[in-house]
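Survey of secondary and tertiary structure
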Amino acid sequence: MAPQDNAPILNAPVAVRWLVSITVVAHLVRVLATEKLDNTILEVFGFMPARFGLDGAGSIGLDGLLVMAVGHMFLHADWMHLVLNMAFLLAFGSAVGRRMGAVQFLLLYLLCGLAAAFFWAWLYPPQVALLLGASGAISGMVGAAARVSIWPPHSGSALPFWRRSTVISFVVIWLALNIGFGIFPIFLSG
């Protein structure tokens, strides 16, 4: 039996598995929590631009800002949101994580999530709705996977995509879906 025949079903890098595990546990804590505790979790860890305000009207300090900016990536609105994000993280985060060390991967993941949150806050400074989910960080993983697919390292393959036309098609579809869900969110949530 060849070694690849014994490969585990879930062959994601350790950093990706840890991120998925922590995110699923965070969601389970919210599901099992009382309504009051769940609201407290959302209040502390959900990202709300109006609380710090780029317009100077914010009410939290730098430590609160960092807790919100990182914490929101581990909270999700519902099971569908969680499952979709974790599926994309396993697919694209694994492709990126295999090319990086765990520390570099985690830094890239966090920086992508932070950049997405702050860009959203810049676009909607007085927004009082909570930003939840790892979609920004995962979009960064999709972009990183596309980047190594278009310009693969000399020693590696172009996985997860085999041809540049496939990469470009995927990026166009990814952008169209994100724009569509951003403009028409009711179709996703009902």
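Residues numbered from 1 in each chain as written. Predicted model: local features only at pLDDT ≥ 70, side-chain atom pairs only at ≥ 80, totals over all residues. Heavy atoms only, no water.

Quick look at the nonpolar core
Phe47, Leu89, Phe105, Tyr109 and Met141 are the most contacted members of the largest nonpolar core, which totals 32 residues. Secondary structure elements with two or more residues in this core: helix H1 (14-32), helix H4 (62-71), helix H5 (79-97), helix H6 (102-123) and helix H7 (135-150). (Core = buried A, V, L, I, M, F, W, Y, C linked by side-chain atoms within 4.5 Å. Buried < 20%, exposed > 50% of the residue type's maximum accessible area, 1.4 Å probe, protein only. Helix = DSSP H or I, 4+ residues; strand = E, 2+ residues; numbered from the N terminus.)

Side note on the side chain of His72
Locating His72 in the fold gives a position in the loop between H4 and H5. Under the relative-accessibility criterion, His72 is labelled buried at 3%. A polar contact of 2.8 Å, which involves the side chain of His72, links it to the backbone oxygen of Ala69. Look past the residues within four positions of His72 in its chain and what remains in contact with it is Phe45, Gly46, Phe47, Val67, Gly113, Ala117, Leu131, Leu132 and Gly133. (Polar contact = N/O pair within 3.5 Å; in protein donor to acceptor, adjacent residues only side chain to side chain. Contact = heavy atoms within 4.5 Å.)

Concerning the packing of H4 against H6
When two helices pack together, their arrangement is given by the angle between the helix axes and the distance between those axes. Packing of H4 against H6 brings their axes to within 9 Å, and their N-to-C directions diverge by 110 degrees. Here H4 lies roughly perpendicular to H6, going by the angle between them. Contact residues: H4 offers Leu65, Ala69 and Val70, while H6 offers Leu110, Leu114 and Phe118. (Axes fitted to C-alpha atoms, helices over the stretch in contact; angles between N-to-C directions. Parallel < 35°, antiparallel > 145°, perpendicular 65-115°, else oblique.)

Here we look at the pattern of salt bridges
If you walk through the whole model with that rule in mind, you get one salt bridge. Where Asp38 meets Arg30, a salt bridge forms, and the shortest distance between an N and an O atom there is 2.5 Å. One exposure class covers both Asp38 and Arg30, and it is buried. (Salt bridge = Lys/Arg side-chain N within 4 Å of Asp/Glu carboxyl O.)

Let's talk about H1
With 19 residues, H1 should cover 27 Å at 1.5 Å per step; its first-to-last C-alpha distance of 27 Å lies within 8% of that length. Inspection of H1 places Ala15, Val16, Leu19, Val20, Thr23, Ala26, His27 and Arg30 among the buried residues, and these make up the whole buried set. The arc enclosing the buried residues of H1, seen along the axis, measures out at 135 degrees, which places them on a common side. For H1, the exposed residues lying more than 90 degrees away from the buried face are Trp18 and Leu32. Where H1 is buried, its residues meet helix H2 (35-45), H5 and H6. (Expected span 1.5 Å × (residues − 1). Arc of directions from axis to C-beta.)

A look at the side chain of Ser94
By the secondary structure assignment, Ser94 is in helix H5. Once residues lying within four places of it in the same chain are set aside, the contact partners of Ser94 are Ala12, Pro13, Val16 and Leu89.

Regarding a nonpolar patch on the surface
A cluster of nonpolar residues, Leu28, Val31, Leu32, Trp79 and Val83, forms a patch on the protein surface that exposes about 500 Å² of accessible area. Those elements that provide at least two residues to the nonpolar patch are H1 and H5. Per-element accounting of the nonpolar patch gives the leading share, three residues, to H1. With respect to the element layout, Val31 can be found in helix H1. In this structure Val31 comes out as partly exposed when scored by relative accessible area, which is 45%. (Patch = residues over 30% accessible without salt bridge, like charges linked within 9 Å, V, L, I, M, F, W, Y side chains within 5 Å. Areas by Shrake-Rupley, 256 points an atom, 1.4 Å probe, with all protein chains shown as cover.)

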